[in-house]
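# Topology and contacts: notes
Below, each chain spelled out in residue letters.
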Amino acid sequence: MRREDDHRERRPQVLAEPPADPARLRLRLRLLATTDLHAEILPYDYHADRPAPGVGLATTATLIAEARAEATNTLLFDNGDLLQGTPMGDLWAQRAPEGVHPLIAAMKALGYDAATVGNHDFDYGLDHLDRTLANATWPVVSSNAVLTLGAEPAADRTLLPPAAILDREMIDEAGQPHRLRIGVLGLLPPQVPVWNRAVLGDRLQVRDIAEAAAGHLATLRAEGCDLVVALCHSGIGAPEAQPEQEDAALPVAALEGIDAVVTGHSHLVFPAPGFPPRPGADATLGRLAGKPAVMAGARGSHLGVIDLLLARDAQGWRVAEAQVEARPVRRAGSPVQACPKLTALAAPAHAETLRHIRRPIGHSTVRIASHFALVAPTASLSLVAEAQATHLAEHIAGSPLAGLPILSAAAPFKAGGRAGPAHYSDVPAGPLALRHAVDLYIYPNLIAAVRLTGAQIAEWLERAASLFARIEPGGADQPLLDPEMPSYGFDPIQGLSFSIDLAQPARYDAHGRIVRPEARRILDLRWQDRPLHPTQPFAVATNSYRAASCSRQFGPLPTWIGTEPIRDILSRHISRTSPLAPEVPRFWRFRPMPGTTAIFETAPAPAEPPPFLDLTRLPSSPAGFSRFRLAL
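The following refers to the structure shown.

About the criteria used
- Residues numbered from 1 in each chain as written.
- Predicted model: local features only at pLDDT ≥ 70, side-chain atom pairs only at ≥ 80, totals over all residues.
- Heavy atoms only, no water.
- Helix = DSSP H or I, 4+ residues; strand = E, 2+ residues; numbered from the N terminus.
- Expected span 1.5 Å × (residues − 1).
- Buried < 20%, exposed > 50% of the residue type's maximum accessible area, 1.4 Å probe, protein only.
- Pairing = 2+ DSSP bridges.
- Salt bridge = Lys/Arg side-chain N within 4 Å of Asp/Glu carboxyl O.
- Contact = heavy atoms within 4.5 Å.
- Axes fitted to C-alpha atoms, helices over the stretch in contact; angles between N-to-C directions.
- Core = buried A, V, L, I, M, F, W, Y, C linked by side-chain atoms within 4.5 Å.
- Parallel < 35°, antiparallel > 145°, perpendicular 65-115°, else oblique.
- Nonpolar A, V, L, I, M, F, W, Y, C, P; charged D, E, K, R; others polar.
- Polar contact = N/O pair within 3.5 Å; in protein donor to acceptor, adjacent residues only side chain to side chain.

### Some points on helix H1 (residues 57–70)
The terminal C-alpha atoms of H1 lie 20 Å apart, and with 14 residues this matches the ideal 20 Å at 1.5 Å per residue to within 8%. For H1, the set of buried residues is Leu 57, Ala 58, Thr 59, Thr 60, Ala 61, Thr 62, Leu 63, Ile 64 and Ala 67.

### Observations concerning the pairing of strand S39 (residues 626–631)
Only one face of S39 is buried: it carries Ser 626, Phe 628 and Leu 630, and the other face, with Arg 627, Arg 629 and Ala 631, is open. The pairing of strand S37 (residues 597–602) with S39 spans 6 bridges and is classified as antiparallel. From the neighbouring strand, Ile 599 faces S39, where its bridge partner is Arg 629. The pairing of strand S38 (residues 615–618) with S39 spans 4 bridges and is classified as antiparallel. Of the residues in S39, the one forming a bridge with Leu 615 is Leu 630.

### Structural notes on the pattern of salt bridges
Pairing is possible between side chains of opposite charge, provided their charged atoms come close. Per the counting criterion, the structure on display carries 33 salt bridges. Across the salt bridge formed by Arg 327 and Glu 325, the nearest N and O atoms sit 3.0 Å from each other. A relative accessible area of 15% places Arg 327 in the buried class. Taken together, the salt bridges that share partners define one network made up of Arg 30, Glu 70, Asp 307, Glu 325 and Arg 327.

### Remarks on the environment of Arg 179
Following the sequence through the fold, Arg 179 ends up in strand S11 (residues 177–187). With a relative accessible area of 28%, Arg 179 lands in the partly exposed category. The sequence separation of Arg 179 and Arg 221 amounts to 42 residues, and the corresponding C-alpha distance is 16 Å.

### Structural notes on helix H13 (residues 544–554)
Helical geometry note: an α-helix holds 3.6 residues per turn, so side chains three or four residues apart project in the same direction. With respect to burial, H13 is a largely interior element, 8 of its 11 residues being buried. As for H13, its buried residues are in contact with helix H5 (192–195), helix H6 (197–200), strand S28 (446–453), helix H12 (454–464), strand S34 (537–543) and strand S35 (559–565). With its phi angle positive at about 85°, Gly 555 sits one or two positions after the end of H13.

### Some points on the sheet that holds S28
Pairing between sheet strands relies on hydrogen bonds along the backbone, with the strands arranged either parallel or antiparallel. The 5 strands lie next to each other as S30-S25-S34-S28-S35, forming an open sheet whose pairing is mixed. Every interior strand has two partners, whereas the edge strands, strand S30 (493–494) and S35, have only one. Inspection of the sheet shows strand S25 (residues 406–409) paired to S30 by 2 bridges, in the antiparallel sense. Note on S30: the bridge partner recorded for Ala 409 is Ile 493. Strands S25, S28, S30 and S34 of the sheet are contacted by H12, whose axis makes an angle of about 120° with S28. Contacts from helix H14 (residues 566–577) reach S28, S34 and S35 within the one sheet, and its direction differs from that of S35 by about 70°.

### Points about the nonpolar core
In this structure, Tyr 112 and Phe 122 are the most contacted members of the largest nonpolar core, which totals 52 residues. For this core, the secondary structure elements donating two or more residues are H1, helix H2 (87–95), helix H3 (102–110), helix H4 (126–133), strand S19 (302–313) and helix H9 (340–357). A total of 6 residues in this core trace back to one element, the largest contributor, which is H1. Setting aside residues no more than four positions away along its own chain, Tyr 112 makes contact with Thr 34, Leu 37, Leu 57, Ile 64, Leu 76, Phe 77, Asp 78, Met 107 and Trp 138.

### Let's talk about the pairing of strand S31 (residues 497–500)
Two faces make up the sheet, and in a regular strand the side chains alternate between them. Strand direction decides the pairing type here: S31 and strand S32 (residues 522–527), joined by 3 bridges, are antiparallel. For Ile 500, the partnering residue across the bridge sits in S32 and is Ile 522. Across 3 bridges, the pairing between S31 and strand S36 (residues 588–590) is parallel. Across the sheet, Ile 500 pairs through a bridge with Phe 590, a residue of S36.

### Here's the deal with unusual backbone geometry
With an omega of 0°, the peptide bond between Phe 270 and Pro 271 qualifies as cis. One non-glycine residue, His 38, lies in positive phi territory at about 50°. Considering the arrangement of structural elements, one finds His 38 in the loop between strand S2 (26–34) and strand S3 (44–45). A positive phi angle, close to 55°, is found at Glu 244, a residue other than glycine. Mapped onto the secondary structure, Glu 244 falls in the loop between strand S13 (227–232) and helix H8 (249–253).

### Observations concerning the sheet that holds strand S29 (residues 478–479)
Taken together, the 4 strands give an open sheet; going across it, the order is S29-S37-S39-S38, and neighbouring strands pair in mixed fashion. For this open sheet the edge positions go to S29 and S38, each flanked by a neighbour on one side alone.

### Looking at the packing of H12 against H13
Where H12 meets H13, the axes come as close as 12 Å, and the angle between the chain directions of the two elements is 105°. Viewed along their axes, H12 and H13 adopt a mutual orientation that is roughly perpendicular. Taking contact as the criterion, the partners of Gln 456, Glu 459, Trp 460 and Arg 463 in H12 are, on H13, Arg 546, Cys 550, Gln 553 and Phe 554. Classifying every residue of the contact of H12 with H13 by side-chain character gives 3 nonpolar, 2 polar and 3 charged.

### Thoughts on the side chain of Ser 142
Position of Ser 142 among the secondary structure elements: in the loop between strand S7 (140–141) and strand S8 (145–148). Within the local environment of Ser 142, its side chain forms a polar contact with the backbone nitrogen of Ala 145, the two atoms lying 3.4 Å apart. Residue contacts for Ser 142: discarding those within four places in its chain leaves Thr 116, Val 117, Thr 158, Leu 160, Pro 161, Pro 162, Gly 186 and Leu 188.

### Points about the environment of Pro 153
Within the element layout of this structure, Pro 153 appears in the loop between S8 and strand S9 (157–158). For Pro 153, a relative accessible area of 9% corresponds to the buried category. Beyond its immediate chain neighbours, meaning those up to four positions away, Pro 153 contacts Arg 207, Glu 211, Ala 212, Gly 215 and His 216.

This is the structure we're talking about:
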């Protein structure tokens, strides 16, 4: 990786600027941004093994070309979470084929000016990240990913250069050239060392976002930057800086000296009419704390565009006006055509990925889907939980968890939500290939287990139950889900039985913080048909991400981390147990609320729902989800 000594991009010539009236010097600069591409180059769904128009960098590249053609001065940035998210990304991490990573090759072809890293870029460890970024020909910066923390940000030994300065020739409105210095910061969530402890160990620390931004911003301004752009792989949350703040784009924007913000991480679109209200965020004009800011969705769904009118006065260049938009790749319902150049460039990697995912692994006698995984136990989660528990039983001998009763937690990673109505696991009956196991388990998490007592398990389940909105008894057609809570946060523990009281408020918020200490939604928690004793210990099989985050909820715990990705364990379990005809125990349910209904959204053409659910089909939502009335 390039270190601190090569993070300044300089041009040898200094442009001579003709004398002019400073009050009339104006130039226009367009900032273009991608974010959360998640290894999507081509518009192709590897899980379903079919084209998926409307996603991928090759599609966004068409918008990039158009946007560049409209403007005299442009810069192109990427905001992180580039390397993980498709079987292509996994294949390059697992097998390390020779040559340049296909995502890096695509970015090189598009001529990116600078980039930062996101939390998922660390999913495969530092060595893979180092090897991949070695071929980047543009600055890749991270202001708060730290190898050794100093007394202040400027004294940190950072993993990557903490900032970059782009020296660029810009043309003003009169056609005259000017030399501008654009500073670039890169920021990512401070939770990365926890989320990825299984592959990072103690090699990485992350300073809080706003603190790191302020420290390195001062350095950029001291070095004469005319403009500073923050590439903030972080969502839009509270306006004030907080310790370990995951969604910190607003405090970053509020820093004096920040001129524009590229935000991401939460896969939303900003500015946009439906963006959740936030103090300090103007979702109409695209402003955070008054500064121009953009979030371009995910997987190439949008291109972020920030148009700046810069005026020069005695103090230098300043932003006089700004316009912001997130341009969708779909126009009048149809996606733009993918860039032929990038399509051809990615063709060899695409062909190799197809050979990989089409490897046969077994057979299923039933359709296995996640369409109803948020309202009832389903085979899609039971199969994963069973594979985890079986593997754990075979491998924990000699560990601190040996001899404990084994339970298993699994979450629906693909369950609609922000990712849209096509984002569900759906494995048809019939022959199974590796792609089907990847569809059921999309992340490269390692197998893990934690020792939890009955009382801690109850807290785990309370946090999982934060997925649901509070339902008023006797009310009609109330939204069932809390839109702030991602589906992967709902990881019920199989091997127990319990009910969820939706009349109660959630004890935890979407970030895992206790917000209502008095609230309890989990009722009748039982193991082997007996009430779960608070001190009874268990080994709970889970993934490395979730096991690491347990330390934030419970403090240090006896933990076992395996060496295999869960999707490999699942693939092998499918091969061993084929043909699949999974039995699905109804181990959790909603507490009955007579006369009460809630609205639940799922895939446009869902599988047959569990027979015990009282569902009524309603007209589809404007976004394309099928809608059901659920009688509680």
